[in-house]
Amino acid sequence: MKARALLAEGTGTALLVFFGVGAATLSFGFDTAGASIAAGVVATALTFGLVLLGLVYAIGPVSGCHVNPAVTIGFLAARRISVIDAVGYWVAQIVGGIAGAAALYGIVRSSPLYHAATGLGANGFGVHSMIGIGAGAAFATEVILTGVFVFVILTVTRHAVNAAVAGLTIGLTLTLVHLVGIPVDGTSVNPARSLAAAVFAGGGALGQVWVFLVAPLVGGVLAAGLQMVLAPAPAAGEREAPVPAPREGEAAREQAPEPSSEIRP
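Thoughts on the nonpolar core
Moving on, step 1. If you look at the biggest cluster of nonpolar residues, it comprises 40 residues, and the most contacted ones within it are Leu-16, Leu-52, Cys-65, Leu-120, Phe-149, Ile-170 and Leu-174.
Moving on, step 2. Considering each element in turn, this core owes the most residues, 7 residues, to helix H5 (residues 135-156).
Moving on, step 3. Ignoring anything within four residues of it in the chain, the contact list for Leu-52 reads Leu-16, Cys-65, Val-67, Phe-149, Ile-170 and Leu-174.
Moving on, step 4. Counting 6 residues, the second-largest nonpolar core is a separate cluster that includes Phe-125, Ile-133, Val-184 and Val-211.

See below:
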């Protein structure tokens, strides 16, 4: 595995956490009066989607821009990445996520208005959920949201013709799942992002983080299975989009030199 691919995954995950979790922290992690929950949900969802959109185009050609262990396990289950590469990606993503959260925590903790219990966009259920859902509901939510997200990624990255629009599609899908998931459990769909936030939030967030590590991985595997059933890989040697053969005489014309416009004596 190339070191630059691991560096891209680590850096990408750090940026995703710094900006996405940063938006969540600015929206919900400070003791400010009159803050709008609806505005915070929308702002956080858009930030996660926009930063991932940019990362897809920036580091996608280097590493594929997984920046998420659930996406990597989806590619692994779909047999589109090796076990060794997947393990390397997971390590880089976790390290990058913690680095991004550390940088963010170092900035926001200096504010007297920062509230550690709700800061860093930590995921949670029960008293740590906006709507007070239980662990089972949080687990199911993460499986469904991650499944949708990973299924879209596996689908739009399968054909080269989709490369131009892949970033937009993936970014908008991440925005969508956050719009639904933030009021429920803070939206994980990314174990590296959840672990990074829980490490610095501590307390209940750290005790509940197992749901947000396991459920997204389950969702990623289920998404890979569904994608392989709905769009099975082509047989060996079979082209997905065959190029039409040239009609008789076209090949000869294509190879023939262009007539010269030079006037000879």
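Remarks on the side chain of Asp-185
Moving on, step 1. Relative to the assigned elements, Asp-185 resides in helix H6 (residues 163-185).
Moving on, step 2. Salt bridges are absent for the buried Asp-185, whose nearest opposite-charge side chain, Arg-193, sits at 7.9 Å.
Moving on, step 3. At a separation of 2.9 Å, a polar atom in the side chain of Asp-185 contacts the main-chain amide nitrogen of Thr-187.
Moving on, step 4. Aside from chain neighbours lying at most four places away, what touches Asp-185 is Asn-123, Gly-124, Ile-133, Ala-138, Thr-141, Glu-142 and Phe-212.

Describing the environment of Ala-39
Moving on, step 1. Relative to the elements of secondary structure, Ala-39 occurs in helix H2 (residues 37-63).
Moving on, step 2. With relative accessibility at 44%, the residue Ala-39 sits in the partly exposed group.
Moving on, step 3. Sequence separation of Ala-39 and Ser-27 is 12 residues, and the distance between their C-alpha atoms is 8.0 Å.

Re empty space enclosed by the protein
Moving on, step 1. A complete count under the given rule lists 1 cavity of 30 Å³ or more for this structure.
Moving on, step 2. Considered as a void within the structure, the largest cavity measures approximately 80 Å³ in volume.
Moving on, step 3. Lining the largest cavity are 13 residues, and of these Leu-16, Asn-68, Phe-149, Leu-174 and Asn-190 sit closest to its centre.
Moving on, step 4. If you list the elements that add at least two residues to the lining of the largest cavity, you get H2 and H6.

Some words on the confidence of the model for the protein
Moving on, step 1. Mean pLDDT over the protein stands at 86; residues scoring 70 or higher make up 83%.
Moving on, step 2. Under a pLDDT of 50 for its full length, residues 236-265 has, in the predicted model, 4 contacts with residues more than four places off or in other chains.

Details of the packing of helix H3 (residues 69-77) against H5
Moving on, step 1. At a minimum axis distance of 10 Å, the contact between H3 and H5 shows a crossing angle of 55 degrees. When the axes of H3 and H5 are compared, the pair comes out oblique. In the crossing of H3 with H5, the sense of the turn from one axis to the other is right-handed. Across from Ala-70, Val-71, Gly-74 and Phe-75 in H3, the residues of H5 making contact are Thr-146, Phe-149, Val-150, Ile-153 and Leu-154.
Moving on, step 2. Broken down by class, the residue content of the contact of H3 with H5 amounts to 7 nonpolar, 2 polar and no charged.

Structural notes on the environment of Leu-154
Moving on, step 1. By the element assignment, Leu-154 lies in helix H5.
Moving on, step 2. Residue classification places Leu-154 among the buried residues on the basis of a relative accessible area of 0%.
Moving on, step 3. Sequence-wise, Leu-154 and Gln-227 are 73 residues apart; in three dimensions their C-alpha atoms are separated by 7.1 Å.
Moving on, step 4. What Leu-154 contacts, discounting residues up to four positions off in sequence, is Gly-74, Phe-75, Arg-80, Ala-223, Ala-224 and Gln-227.

Regarding the side chain of Asn-68
Moving on, step 1. Its location among the elements puts Asn-68 in the loop between H2 and H3.
Moving on, step 2. Residues in contact with Asn-68, not counting those within four places in the same chain, are Gln-93, Phe-149, Val-189, Asn-190 and Pro-191.

Focus: the packing of helix H7 (residues 191-201) against helix H8 (residues 203-230)
A pair of packed helices can be characterised by two numbers: the angle between their axes and the separation between those axes.
Moving on, step 1. Interaxial distance between H7 and H8 falls to 8 Å at its minimum, and their mutual angle equals 175 degrees. Here H7 lies roughly antiparallel to H8, going by the angle between them. On H8, the residues that touch Pro-191, Ser-194, Leu-195, Ala-198, Val-199 and Ala-201 of H7 are Gly-203, Ala-205, Leu-206, Val-209, Phe-212, Leu-213, Pro-216 and Leu-217.
Moving on, step 2. A per-class count over the contact of H7 with H8 returns 12 nonpolar, 2 polar and no charged.

Thresholds applied
- Residues numbered from 1 in each chain as written.
- Predicted model: local features only at pLDDT ≥ 70, side-chain atom pairs only at ≥ 80, totals over all residues.
- Heavy atoms only, no water.
- Core = buried A, V, L, I, M, F, W, Y, C linked by side-chain atoms within 4.5 Å.
- Buried < 20%, exposed > 50% of the residue type's maximum accessible area, 1.4 Å probe, protein only.
- Helix = DSSP H or I, 4+ residues; strand = E, 2+ residues; numbered from the N terminus.
- Contact = heavy atoms within 4.5 Å.
- Lys, Arg positive; Asp, Glu negative; His and termini not counted.
- Salt bridge = Lys/Arg side-chain N within 4 Å of Asp/Glu carboxyl O.
- Polar contact = N/O pair within 3.5 Å; in protein donor to acceptor, adjacent residues only side chain to side chain.
- 1 Å grid on protein atoms, 1.4 Å probe; cavity = no way out; pocket = protein on both sides within 12 Å on 5 of 7 lines; lining within 4 Å.
- Points joined across faces, edges and corners; volume = space filled by probe spheres on them.
- pLDDT = per-residue confidence, 0-100.
- Axes fitted to C-alpha atoms, helices over the stretch in contact; angles between N-to-C directions.
- Parallel < 35°, antiparallel > 145°, perpendicular 65-115°, else oblique.
- Left-handed = near helix turned anticlockwise from the far one by under 90°.
- Nonpolar A, V, L, I, M, F, W, Y, C, P; charged D, E, K, R; others polar.

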